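Next come the chains, spelled out residue by residue.
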Amino acid sequence: MTAVDDRPAISPEIGKDRRRKEDQRLITGRTRWTDNIALPGMLHLAMVRSPHAHAKILSIDIEAADKSLNIYEVFTGEHLAETQGVIANAWPITPDQVTPTHLPMATERVAFAGEIVAVVVARSAAEARDAAELVDVEYELLPAVLDLKEAAEDTVLAHPDLGTNKTAFWQLDSAGQGTGRPIDEVIAEARADGIVIEREYRQQRLIPAFMEPRSVVVDPTGEQITMWSATQIPHITRFLLAATTGVPESKIRVIAPDVGGGFGGKLQTTPEEWITWAVARKIGKPCKYTETRSESLISAHHGRDPWQKLTLAATKEGRVTGLKVDLLADLGAYVGVVGGGVPVLGAWMFNAIYKWDAYQFNCTPVLTNKTWVDAYRGAGRPEATYAVERLMDELAAEVGKDPLEVREMNWIKHEEFPFTTVAGMTYDSGNYEAATARAKEMFGYDALRAEQKQRRESGDRVQLGIGISTFTEMCGLAPSRVLGSLNYGAGGWEHATIRMLPTGKVEVITGASAHGQGHETAFSQIVADRLGVPFEDVEILHGDTQVSHKGLDTYGSRSLVVGGEALVLAADKVIEKAKPLAAHLLEANVDDLEFSNGRYSVAGTDQGMGIGEVALATFAAHNYPEGMEPGIDAEATYDPVNFSFPHGTHLCAAEVDTETGQVKLRKYVCVDDIGNIVNPLIVAGQVHGGLVQGIAQALWEEAVYDDSGTLVSGSFVDYLLPTAADTISFEIDHTTSPSTSNTLGTKGVGEAGTIASTPAVVNAIVDAIRQFGINDIQMPCTPERVWTALQGAGSGAATVEDAMPHFEAEEGQQ
């Protein structure tokens with residue numbers, strides 16, 4: 001029998017402000033970015049890209065490039081036809097989805113400016129890039145379709161062989177699924193005796209602009225073909241390489257080493273990965289490709305870019321009754337790995353936190369001759385939140401009430417949870433009242449409203465606007481059965497393994513793959529808490545399909561709410577597996593054992609032993625119960641029963657100079673409810689980063705094409721990313737209503753700031769100048785656009801050249 005040890009109790013890890021354990025390596029240059037990898041005999045690749053948005057390839061002359069110094073080989077699509085595979089779409093949203101074949105390297109026709117037509121292989125990256133300039137491609141220009149609405153008319157086709165630009169039509173109708181009334185009936189009632197507001201909003205095209213450019217290394221020289229890639233999805237990449245190139249999955253190893261950001265932009269299987277794979281296999285030597293920043297902006301997938309036509313029905317008092325959404329979504333030239341599913345994700349979020357009698361969502365994804373569009377931080381949910389939060393301000397203006405009052409009279413009350421929405425989702429927990437009350441208190445809401453009134457009355461040149469966003473989102477991209485019903489090509493589960501080492505240390509293997517979120521720290525805290533071991537004794541392994549043999553990777557704020565739960569299940573299995581051995585060693589009945597703070601103890605005695613001691617006894621296996629297999633390691637796969645639903649209230653005060661159109665943020669407060677918090681320091685970083693990204697959409701960022709289909713914002717000179725000097729200090733806080741669908745009570749935070757902040761800022765700008773008859777300004781709200789809208793004051797719209805049409809609110813039959 002083992003006596004109790006006298007070690008001090010380990011303080012709880014969950015909820016502790018831990019500095020990220022991975023940061024020491026990252027900030028001292030001991031990282032292993034993909035571009036840092038150097039293998040013996042490695043060759044370098046440079047891509048030759050089309051300068052045209054739509055053209056037929058007539059000929060490719062590679063002779064001059066092939067004769068350049070230190071050039072190993074030059075390949076066209078024809079050379080790699082049998083080995084390059086295809087780029088797959090994993091989410092065909094309808095059975096009859098129209099999907100263009102996406103070859104990694106074009107062979108006959110290019111469909112966007114930036115598409116790859118040849119690859120140069122050289123001794124160095126510089127020599128490869130120089131020789132790529134010598135590849136002479138003769139094109140025959142074809143008509144290009146660049147405007148989303150024009151593309152929907154099918155007058156000019158992005159892919160003539162398909163016969164249409166519209167890839168699918170997808171609908172969610174509350175009446176059809178039994179969660180609401182027919183939408184047309186509810187709108188008709190509002191036209192007769194209520195309010196109908198119609199608006200069109202344009203979500204501009206954005207570029208993920210991750211810190212580390214994409215890079216890939218492929219080594220075909222071993223028993224397995226190994227790929228290192230700056231990707232969010234090593235497991236999915238491995239599967240799709242096997243599925244599309246014919247190489248057995250067991251012969252493929254994919255490693256995501258240190259990855260410098262993604263924001264959804266590395267949630268992709270890319271032509272560059274597939275081409276590097278094909279070239280390395282063909283020549284039998286390791287190959288590396290690293291994109292330049294301009295290549296990244298031009299050819300890595302973009303985000304957002306839908307037109308939203310919205311019809312809101314309400315009573316004269318401002319209670320919402322119905323919402324109809326007609327969405328045109330620009331997919332660009334090809335349907336990406338998630339592709340048309342991104343706008344569909346918003347279908348369950350346009351209804352937001354409000355109670356509706358009827359709801360209908362109609363989505364038509366459309367192909368154009370621009371860079372393809374796929375997931376970008378929030379993926380469908382920022383677009384939905386923007387639309388409904390803008391509409392709530394429009395409704396408040398129409399009924400003459402404070403925008404917060406209108407929201408409060410329409411939102412789900414905390415005592416009504418769990419609540420099944422008109423879209424069919426069941427929100428498990430929430431407290432919108434608490435988050436809003438705290439945000440109002442921090443913001444000084446009433447005082448700022450009084451100041452706004454005073455400025456208006458005095459005709460101040462600088463007007464003050466107050467913007468509101470009371471949002472929710474669905475996190476976790478799960479459960480698997482729901483994804484299956486939507487024709488999604490993968491599940492929503494996650495896998496974890498915990499190995500108890502004989503020295504008492506713990507190795508944790510997770511299928512979630514980090515790219516800056518702090519997984520190694522947060523996951524260590526969860527396991528340390530569960531097993532009662534020191535935080536420093538936990539090592540997290542991830543991102544290597546040879547080490548982590550099962551996983552579905554990182555996106556959709558799923559790492560904590562799904563991956564974290566897998567860790568909990570695995571840890572609990574370790575505790576249960578070790579219990580019979582601990583009882584045997586303590587000469588006690590297993591039913592008399594209790595486990596707490598990393599220690600098994602015999603009830604009613606001072607006898608016990610630590611889980612590390614059990615691990616050592618397992619390793620030695622000298623004294624084992626008869627019939628028990630040595631080993632207390634465990635693995636678990638967790639498939640969630642529901643999404644998680646974080647929410648929050650964001651308040652923004654913005655000053656607008658009515659003579660110059662300049663917008664200046666004055667104050668920004670957010671109170672998010674993300675359930676139980678594992679590491680407040682990491683959460684603060686996620687919130688701050690998300691806020692900046694969402695605010696950047698409102699004020700600065702936009703991917704712009706000219707009439708020929710050339711991206712004119714193809715560098716950071718023209719694509720405006722904010723710096724710390726462009727933003728203000730944010731005031732953040734949290735309320736907590738734990739999720740009831742997972743044991744940790746967590747909800748997810750990675751996308752919250754981005755989803756909520758964009759409408760808060762735009763609402764503040766419009767609120768500042770609504771008195772001049774302006775009800776919208778197309779994003780980004782640059783000084784030019786704000787000034788132009790002010791010059792056209794009274795028209796009810798921002799009168800910039802490309803401003804969208806708007807529909808005035810109507811009461812009754814007006």
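Treat the numbers as computed from the prediction; the structure is a model and nothing was measured.

Thresholds, definitions, all that
- Residues numbered from 1 in each chain as written.
- Predicted model: local features only at pLDDT ≥ 70, side-chain atom pairs only at ≥ 80, totals over all residues.
- Heavy atoms only, no water.
- Helix = DSSP H or I, 4+ residues; strand = E, 2+ residues; numbered from the N terminus.
- Rg over C-alpha atoms; globule rule 2.2 N^0.38 Å.
- Buried < 20%, exposed > 50% of the residue type's maximum accessible area, 1.4 Å probe, protein only.
- Areas by Shrake-Rupley, 256 points an atom, 1.4 Å probe, with all protein chains shown as cover.
- Lys, Arg positive; Asp, Glu negative; His and termini not counted.
- Charge placed at Lys NZ, Arg CZ, Asp CG, Glu CD.
- Core = buried A, V, L, I, M, F, W, Y, C linked by side-chain atoms within 4.5 Å.
- Contact = heavy atoms within 4.5 Å.
- Domains from an automatic or database assignment.
- Buried area = accessible area lost by both parts, 1.4 Å probe.
- Salt bridge = Lys/Arg side-chain N within 4 Å of Asp/Glu carboxyl O.
- Polar contact = N/O pair within 3.5 Å; in protein donor to acceptor, adjacent residues only side chain to side chain.
- Axes fitted to C-alpha atoms, helices over the stretch in contact; angles between N-to-C directions.
- Left-handed = near helix turned anticlockwise from the far one by under 90°.
- Nonpolar A, V, L, I, M, F, W, Y, C, P; charged D, E, K, R; others polar.
- Phe/Tyr/Trp six-rings, centres within 6.5 Å; stacked < 30°, edge-to-face > 60°.
- Lys NZ or Arg CZ within 6 Å of the ring centre and 35° of its normal.
- Parallel < 35°, antiparallel > 145°, perpendicular 65-115°, else oblique.

## What to know about the overall build of the protein
Helix and strand counts for the protein stand at 21 helices and 31 strands. Against the compact-globule benchmark of 28 Å for 814 residues, the protein has a radius of gyration of 28 Å, which places it among compact chains. Principal-axis analysis of the C-alpha atoms gives the protein an extent of 85 × 75 × 50 Å. Every one of the 814 residues in the protein was classed for burial, and the buried ones make up 62%. Of the accessible surface of the protein, which amounts to about 29100 Å², a share of 51% is contributed by carbon and sulfur atoms. Side chains of the protein give 68 positive and 112 negative charges; the mean places of these two sets differ by 2 Å.

## Notes on the nonpolar core
Judged by nonpolar contacts, the single largest core of 130 residues is most densely connected at V279, W348, F350 and F361. Of all the elements, helix α11 (residues 381-399) adds the most residues to this core, at nine residues. Beyond its immediate sequence surroundings of up to four residues, V279 is in contact with L45, F75, L80, V119, V121 and C287. One finds I526, A582, A583 and I682 within the second-largest nonpolar core, a separate group that totals 46 residues.

## Details of the domain arrangement of the protein
Each assigned domain of the protein is listed with its residue range as follows: domain 1 (23-29 + 493-638) and domain 2 (443-470 + 646-814). Each of domain 1 and domain 2 was reduced to a C-alpha centroid, and the two centroids are 43 Å apart. Interface area for domain 1 against domain 2, summed over the two sides, is near 1100 Å², with a carbon-plus-sulfur share of 55%. The tally of links from domain 1 across to domain 2 stands at zero salt bridges. Here domain 1 is connected to domain 2 by five residue pairs in polar contact (both at pLDDT 80 or more). When residues of the side of domain 1 that touches domain 2 are traced back to their parent elements, those giving at least two are α16 (519-531) and α17 (559-585).

## Points about the packing of α16 against α17
At a closest axis distance of 9 Å, the pairing of α16 and α17 adopts a crossing angle of 35°. The two elements α16 and α17 cross, and the hand of that crossing is right-handed. Note on element contacts: α17 touches α16 through S559, L560, G564, L567, V568, A571, D572, V574 and I575, opposite H519, F523, I526, V527, R530 and L531. A per-class count over the contact of α16 with α17 returns ten nonpolar, three polar and two charged.

## A word on the packing of aromatic side chains
Pairs of aromatic rings are described using the distance from one ring centre to the other and the angle between the two planes. Within the structure shown, the criterion is met by twelve aromatic pairs. Ring centres 6.3 Å apart and planes at 65° place the aromatic pair W411 and Y432 in the edge-to-face group. Linking W411 in the loop between α12 (403-410) and β18 (419-420) with Y432 in helix α13 (residues 432-443), this pair joins segments that are 21 residues apart in sequence. Residue classification places W411 among the buried positions, given a relative accessible area of 1%. What links up through ring pairs into an aromatic cluster is the set W170, W348, F350 and F361. Over the aromatic face of F535 sits the side chain of K21, whose NZ or CZ is 4.6 Å from the ring centroid. One residue, K550, lies across the ring of W493, its end atom 5.6 Å from the ring centre.

## Observations concerning the packing of α11 against helix α20 (residues 752-769)
As a packed pair, α11 and α20 sit with axes 8 Å apart at the nearest point and diverge in direction by 30°. Viewed along their axes, α11 and α20 adopt a mutual orientation that is roughly parallel. Note on packing geometry: the crossing formed by α11 with α20 is right-handed. When α11 is examined against α20, the residues R381, P382, T385, Y386, E389, R390 and D393 are found in contact with a partner set consisting of I755, T758, P759, V762, N763 and V766. When grouped by side-chain class, the residues that make up the contact of α11 with α20 number six nonpolar, three polar and four charged.

## Thoughts on the environment of Y432
Overall, the relative accessible area of 3% leaves Y432 in the buried class. Distance from Y432 to V110, taken between C-alpha atoms, is 49 Å for residues 322 residues apart in sequence. If sequence neighbours within four positions are ignored, Y432 has contacts with I353, W411, I412, F417, Y427, H647 and T649.

## Re the pattern of salt bridges
The tally for this structure, following the rule as stated, stands at 56 salt bridges. Of the charged contacts, one joins R25 and D258 as a salt bridge, the two residues approaching to 2.7 Å between their closest N and O atoms. Of this pair, R25 sits in helix α1 (residues 23-27) while D258 sits in the loop between β12 (252-255) and α8 (271-283); the two residues are 233 residues apart in sequence, bridging distant segments of the chain. Residue classification places R25 among the partly exposed positions, given a relative accessible area of 22%. Across the salt bridge formed by R455 and E655, the nearest N and O atoms sit 2.8 Å from each other. Highlighted residues: R455 in helix α14 (residues 445-458) and E655 in strand β28 (residues 647-657), separated in sequence by 200 residues. With respect to burial, R455 and E655 carry one shared label: buried. Linked through salt bridges whose partners overlap, the residues forming this network are R49, R214, E272, E291 and E295.

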